[in-house]
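Single-letter residue listing:
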Amino acid sequence: MGLTLTWLSVIILIPLAALFLKTFELSFDQFWGIVTSRRTLNALKISFGLSFAAALVNLVMGTIIVWALVRYRFPGRRLFDAIVDIPFALPTAVAGVALTQLFAQKGWLGAPLAELGIKVAFTPVGIFIAMVFIGIPFVVRTVQPVLIDLDPEIEEAAASLGANRWHTVFRVILPGLVPALLTGFALAFARAVGEYGSVIFIAGNLPNVSEIAPLLIVIRLSEFRYADATAIAVIMLLASFLIIFAVNRLQRWAQNRTPVH
Amino acid sequence: MSTESGFVTSATELRAYAPAADLSIASPSSRDSGAQARPRTSPQHLRTEPGPVRFVIIGLAVTFLTVFVVLPLVVVFAQAFSKGVGAYFSALAEPEALSAIWLTLLVAAISVTLNLVFGVMAAWAISKFDFRGKTFLITLIDLPFSVSPVISGLVFVLLFGAQGFLGPWLQAHDIHVLFAVPGIALATIFVTFPFVARALIPLMQEQGTQEEEAAISLGASGLQTFFRVTLPNIKWGLLYGVLLCNARAMGEFGAVSVVSGHIRGETNTMPLLVEILYNEYQFVSSFAIASLLAMLALITLVVKTVLERRLDEGQVPYDH
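None of these values were measured; they are calculated from a predicted model. (Residues numbered from 1 in each chain as written. Chains lettered and ligands numbered in written order. Predicted model: local features only at pLDDT ≥ 70, side-chain atom pairs only at ≥ 80, totals over all residues. Heavy atoms only, no water.)

Undergrad: I tried to follow the overall build of chain B on my own but got confused; where do I start?
TA: Helix and strand counts for chain B stand at 16 helices and 0 strands. For chain B, the residues scored as buried account for 55% of the 320 residues in total. Sequence separation of at least 24 residues holds for 73% of the intrachain contacts in chain B that already meet a minimum separation of 6. Entry remark: accessible area of chain B is about 13,500 Å², with carbon and sulfur atoms responsible for 67%. (Helix = DSSP H or I, 4+ residues; strand = E, 2+ residues; numbered from the N terminus. Buried < 20%, exposed > 50% of the residue type's maximum accessible area, 1.4 Å probe, protein only. Contact = heavy atoms within 4.5 Å. Areas by Shrake-Rupley, 256 points an atom, 1.4 Å probe, with all protein chains shown as cover.)

Undergrad: Explain the overall build of chain A here, please?
TA: Looking only at helices and strands, chain A has 13 helices and 0 strands in total. For chain A, the sequential pattern of α-helices and β-strands runs α-α-α-α-α-α-α-α-α-α-α-α-α. Seen through its principal axes, chain A has C-alpha atoms that stretch 65 × 60 × 35 Å. Taking all 261 residues of chain A together, 61% fall into the buried category.

Undergrad: What exactly am I supposed to notice about the nonpolar core here?
TA: Soluble globular proteins tend to bury their nonpolar side chains together. Ranked by internal contacts, the top residues of the largest apolar core, which has 183 residues, are Ile12(A), Leu19(A), Ile65(A), Leu90(A) and Ile217(A). Among the elements that take part in this core, helix 8 (residues 124–149) of chain A stands out by supplying 15 residues, more than any other. Excluding anything up to four places from it in sequence, Leu90(A) contacts Ala95(A), Phe133(A), Leu73(B), Ala294(B) and Ala297(B). Counting 5 residues, the second-largest nonpolar core is a separate cluster that includes Leu26(A), Phe31(A), Ile34(A) and Val35(A). (Core = buried A, V, L, I, M, F, W, Y, C linked by side-chain atoms within 4.5 Å.)

Undergrad: Help me out: how do you make sense of the side chain of Ser240(A) in this one?
TA: Examined against the element boundaries, Ser240(A) turns out to sit in helix 13 (residues 226–256). We classify Ser240(A) as buried; its relative accessible area is 10%. Among the polar contacts made by the side chain of Ser240(A), one reaches the main-chain carbonyl oxygen of Ser146(B) at a distance of 3.4 Å. (Polar contact = N/O pair within 3.5 Å; in protein donor to acceptor, adjacent residues only side chain to side chain.)

Undergrad: What is the right way to look at the packing of helix 5 (residues 95–128) of chain B against helix 10 (residues 194–207) of chain B in this model?
TA: Helix packing for two helices is described by the angle between their axes and how far apart those axes are. Residues and elements named next belong to chain B. Following both chains from N to C, one finds helix 5 and helix 10 inclined at 35°, their axes separated by 8 Å at the closest point. Judged by the twist between their axes, the crossing of helix 5 over helix 10 is right-handed. Between helix 5 and helix 10, the residues in contact are Asn115, Leu116, Gly119, Val120, Ala122, Ala123, Trp124, Ile126, Ser127 and Lys128 and Val196, Ala197, Leu200, Ile201, Met204 and Gln205, respectively. Residues that form the contact of helix 5 with helix 10 fall into these classes: 11 nonpolar, 4 polar and 1 charged. (Axes fitted to C-alpha atoms, helices over the stretch in contact; angles between N-to-C directions. Left-handed = near helix turned anticlockwise from the far one by under 90°. Nonpolar A, V, L, I, M, F, W, Y, C, P; charged D, E, K, R; others polar.)

Undergrad: How do you make sense of the interface of chain A and chain B when you look at a structure like this?
TA: Think of interface size as the accessible area that goes away when the parts come together; that is how it is often given. Taken together, the contact pairs 100 residues of chain A with 99 residues of chain B. When chain A packs against chain B, the two sides together hide about 9,600 Å² of surface, and 76% of this comes from carbon and sulfur. The interface formed by chain A and chain B includes 1 salt bridge. Between Lys304(B) and Asp85(A) there is a salt bridge; the shortest N-O distance is 2.9 Å. (Buried area = accessible area lost by both parts, 1.4 Å probe. Salt bridge = Lys/Arg side-chain N within 4 Å of Asp/Glu carboxyl O.)

Undergrad: Whenever I open this one, a nonpolar patch on the surface confuses me. Can you help?
TA: Residues Val10(A), Leu13(A), Ile14(A) and Phe136(B) make up a contiguous nonpolar surface patch of roughly 350 Å² in combined accessible area. Per-element accounting of the nonpolar patch gives the leading share, 3 residues, to helix 1 (residues 2–24) of chain A. Residue position: Phe136(B) is located in helix 6 (residues 134–146). With relative accessibility at 52%, the residue Phe136(B) sits in the exposed group. (Patch = residues over 30% accessible without salt bridge, like charges linked within 9 Å, V, L, I, M, F, W, Y side chains within 5 Å.)

Undergrad: Any chance you could explain the confidence of the model for chain B here in plain terms?
TA: A low pLDDT score tells you not to read the predicted coordinates there in detail. Residues and elements named next belong to chain B. Across chain B, the average pLDDT comes to 82, with 83% of residues at or above 70. Helix 14 (residues 270–279) holds the highest mean pLDDT among the elements of chain B, 96, whereas helix 1 (residues 7–16) holds the lowest, 34. The low-confidence segment residues 1–42, where pLDDT is below 50, has 112 contacts with residues more than four positions distant or belonging to other chains. Low pLDDT, under 50, characterises residues 316–320; the predicted model gives this stretch 8 contacts beyond four residues in sequence or across chains. Reported for the predicted complex are a pTM of 0.86 and an ipTM of 0.89. (pLDDT = per-residue confidence, 0-100.)

Undergrad: Just to check I follow, could you spell out the packing of aromatic side chains for this structure?
TA: Aromatic rings in a pair are described by how distant their centres are and how their planes are angled relative to each other. Under the criterion given, the structure shown has 23 aromatic pairs over all chains. Between Tyr196(A) and Phe253(B) the ring centres are 5.7 Å apart and the planes differ by 20°, which places this aromatic pair in the stacked class. Highlighted residues: Tyr196(A) in the loop between helix 10 (165–194) and helix 11 (197–203) and Phe253(B) in the loop between helix 12 (222–251) and helix 13 (254–260), drawn from two different chains. Judged by its relative accessible area of 3%, Tyr196(A) is buried. Each ring, one from Trp124(B) and one from Phe226(B), has its centre 5.7 Å from the other, and the planes form 75°; the classification is edge-to-face. (Phe/Tyr/Trp six-rings, centres within 6.5 Å; stacked < 30°, edge-to-face > 60°.)

Undergrad: What's the story with the pattern of salt bridges in this structure? I'm lost.
TA: Pairing between side chains becomes possible if they bear opposite charge and their charged atoms approach one another. All chains considered together, the criterion is met by 19 salt bridges over all chains. In this structure, Arg71(A) engages Glu155(A) in a salt bridge whose closest nitrogen and oxygen atoms are separated by 2.8 Å. With Arg71(A) in helix 3 (residues 38–71) and Glu155(A) in helix 9 (residues 152–160), this residue pair connects regions lying 84 residues apart in the sequence. Glu280(B) serves as the salt-bridge partner of Arg264(B), at 2.7 Å between the closest nitrogen and oxygen.

Undergrad: Looking at this structure, I do not really get the environment of Leu186(B). What am I missing?
TA: By the secondary structure assignment, Leu186(B) is in helix 9 (residues 181–192). Spatially, the C-alpha atoms of Leu186(B) and Val74(B) are 33 Å apart, while their sequence positions differ by 112 residues. Not counting chain neighbours up to four residues away, the residues in contact with Leu186(B) comprise Ile11(A), Phe156(B), Phe160(B) and Val177(B).

Undergrad: Where do I start with helix 1 of chain A in this structure?
TA: Two residues of an α-helix separated by three or four positions point the same way, owing to the 3.6 residues in each turn. Of all the bends in helix 1 of chain A, the greatest, near 45°, is centred on Ser9(A). Within helix 1 of chain A, the full set of buried residues consists of Thr4(A), Trp7(A), Leu8(A), Ile11(A), Ile12(A), Pro15(A), Leu16(A), Ala18(A), Leu19(A), Lys22(A) and Thr23(A). Those residues of helix 1 of chain A that are buried lie in contact with helix 2 (28–35) and helix 13 of chain A together with helix 5, helix 6, helix 7 (149–160) and helix 9 of chain B. (Bend = angle between axes of the 7 residues up to and from the residue.)

Undergrad: Can you help me understand the packing of helix 10 of chain A against helix 13 of chain A in this one?
TA: All names here are of chain A. At a minimum axis distance of 9 Å, the contact between helix 10 and helix 13 shows a crossing angle of 165°. With respect to helix 13, the element helix 10 is oriented roughly antiparallel. Crossing angle aside, the handedness with which helix 10 passes helix 13 is left-handed. For the pair helix 10 and helix 13, the contacting residues are Val178, Pro179, Leu182, Thr183, Ala186, Leu187, Phe189, Ala190, Val193 and Gly194 in the first and Met236, Ile243, Val247, Leu250, Gln251, Trp253 and Ala254 in the second. (Parallel < 35°, antiparallel > 145°, perpendicular 65-115°, else oblique.)

Undergrad: Got a minute to help me understand unusual backbone geometry in this structure?
TA: Only a minority of non-glycine residues have a phi that is not negative, and only a minority of peptide bonds are not trans. Despite not being glycine, Asn205(A) has its phi angle at roughly 55°, a positive value. Positionally, Asn205(A) belongs in the loop between helix 11 and helix 12 (213–222). Residue Asn205(A) is classed as partly exposed on the basis of its relative accessible area, which comes to 26%. Unlike most non-glycine residues, Tyr281(B) shows phi in positive territory, near 60°. By secondary structure assignment, the location of Tyr281(B) is in the loop between helix 14 and helix 15 (283–314). Looking at Tyr281(B), the relative accessible area reads 65%, which means it is exposed.

Written as structure tokens, this is what we have:
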């Protein structure tokens with residue numbers, strides 16, 4: 001017990017405390033100056049904005065994927081079910097170089113897209129693509145168990161009371177999935193905001209255009225501007241605390257609205 | 001696990017794994033189990049969509065997964081072997097590659113061992129005892145999952161760097177933490193901290209303390225109880241946690257990148273070498289290393305699937 005706490009403190013508490021202590025070495029004006037500088041603001045905007053967009057795509061596509069996996073039988077279903085976990089399992093650097101190669105101008109997908117006039121690699125679109133990749137499993141894996149366990153009687157009741165399938169799905173089934181969908185969305189969003197490895201290769205990393213906040217932290221560190229790095233890190237850390245908090249509230253909400261069987 | 005394994009169960013499970021982003025894969029018990037098992041007495045047509053709609057949904061799902069997940073994986077192997085098998089293996093036999101592989105194995109061995117020991121202890125403390133601040137402890141364990149890997153690395157730079165809190169003292173004593181193996185191991189331990197504990201907590205909570213109490217009342221010592229009663233009960237869950245912990249430890253990039261210093265042949269792990277070689281346009285070498293990591297990921301997924309099945313079976317006695 002005591003050992004557990006000591007270990008936890010050494011590995012997690014003390015390092016995180018160091019981050020906040022370092023921030024307190026800054027005056028508020030210094031902190032504010034760093035955080036509101038043009039480059040920092042743009043990096044934060046890019047990270048949070050694109051993560052939000054990518055999480056939205058994951059929400060929609062995740063719902064479609066989970067529906068296909070749970071409700072339909074088709075050849076290769078089990079294989080595709082297993083494939084969903086690959087973005088979790090594949091090391092981020094590997095995903096990064098693979099996606100870059102795929103979407104580069106001479107890549108398998110990059111070449112046809114370039115002919116259409118769409119440039120993906122080394123633009124914000126590339127960042128967005130990498131974030132979509134990394135977020136796929138979150139929505140699928142949070143919604144899947146809920147959809148599997150959904151009581152079939154409810155939709156049968158809706159159908160036998162005369163609702164058409166469209167109504168049943170959108171008025172009866174999807175509302176039941178809302179907490180899980182939102183949780184999946186929040187987790188995908190949080191992951192994308194902090195993501196580094198799979199994004200930096202395809203991003204292009206142009207300051208103010210395609211530079212994500214985690215990369216700016218790394219750049220500031222390599223310039224020995226520790227204060228700058230720390231200030232950006234604190235902002236991002238606070239954001240992820242907020243997301244954890246939101247997810248926990250969502251879970252509680254989901255539990256409370258569940259009828260007891 | 002209740003038999004209805006209804007919404008309540010999955011919600012609890014989710015909550016258990018809540019911010020544990022990477023571990024949402026780790027709800028072995030509820031996944032896929034109900035799909036076929038549920039008796040469908042009622043007319044099937046009430047619960048499905050018209051043929052064309054079904055076709056479009058399956059098409060969308062399969063296309064999306066193929067483009068975003070399968071293709072990147074295929075690209076890794078295609079690039080690695082683009083100059084033939086000989087070039088592939090000679091890329092892997094480079095001294096730089098060998099030293100990166102060795103360092104990755106070493107760091108993974110250190111961090112998995114330590115997280116295994118402390119993960120079991122943390123899970124034991126949380127699931128078998130009641131104490132104040134338990135929720136806080138769980139949040140703390142989950143934290144590394146929700147922190148950007150770059151920040152995980154940064155905190156150790158702030159502690160051990162030249163300008164860091166312990167930096168001057170370390171320098172005075174000529175101890176190298178940053179840009180050396182200890183720093184890389186610490187950052188890896190930080191990011192992989194939750195896996196073992198998170199895999200065990202739900203399992204141990206479910207099993208309760210009755211068996212342990214019985215063992216102790218029959219005269220077993222604490223250690224005997226642990227090795228004879230608790231450990232056999234949790235072995236599959238433990239393996240599951242170790243498996244995921246190891247995969248992440250070997251593949252970690254962001255946190256390690258910040259603390260490693262990228263000293264060639266010394267502090268480059270495999271993911272870092274992938275980056276360096278890629279940026280030097282040595283694509284075959286870069287993707288050859290990447291292909292090893294990709295194989296690790298694929299093997300991990302296969303073993304994970306097998307373990308999930310074991311875990312499901314293991315839960316049968318508790319199901320009724």
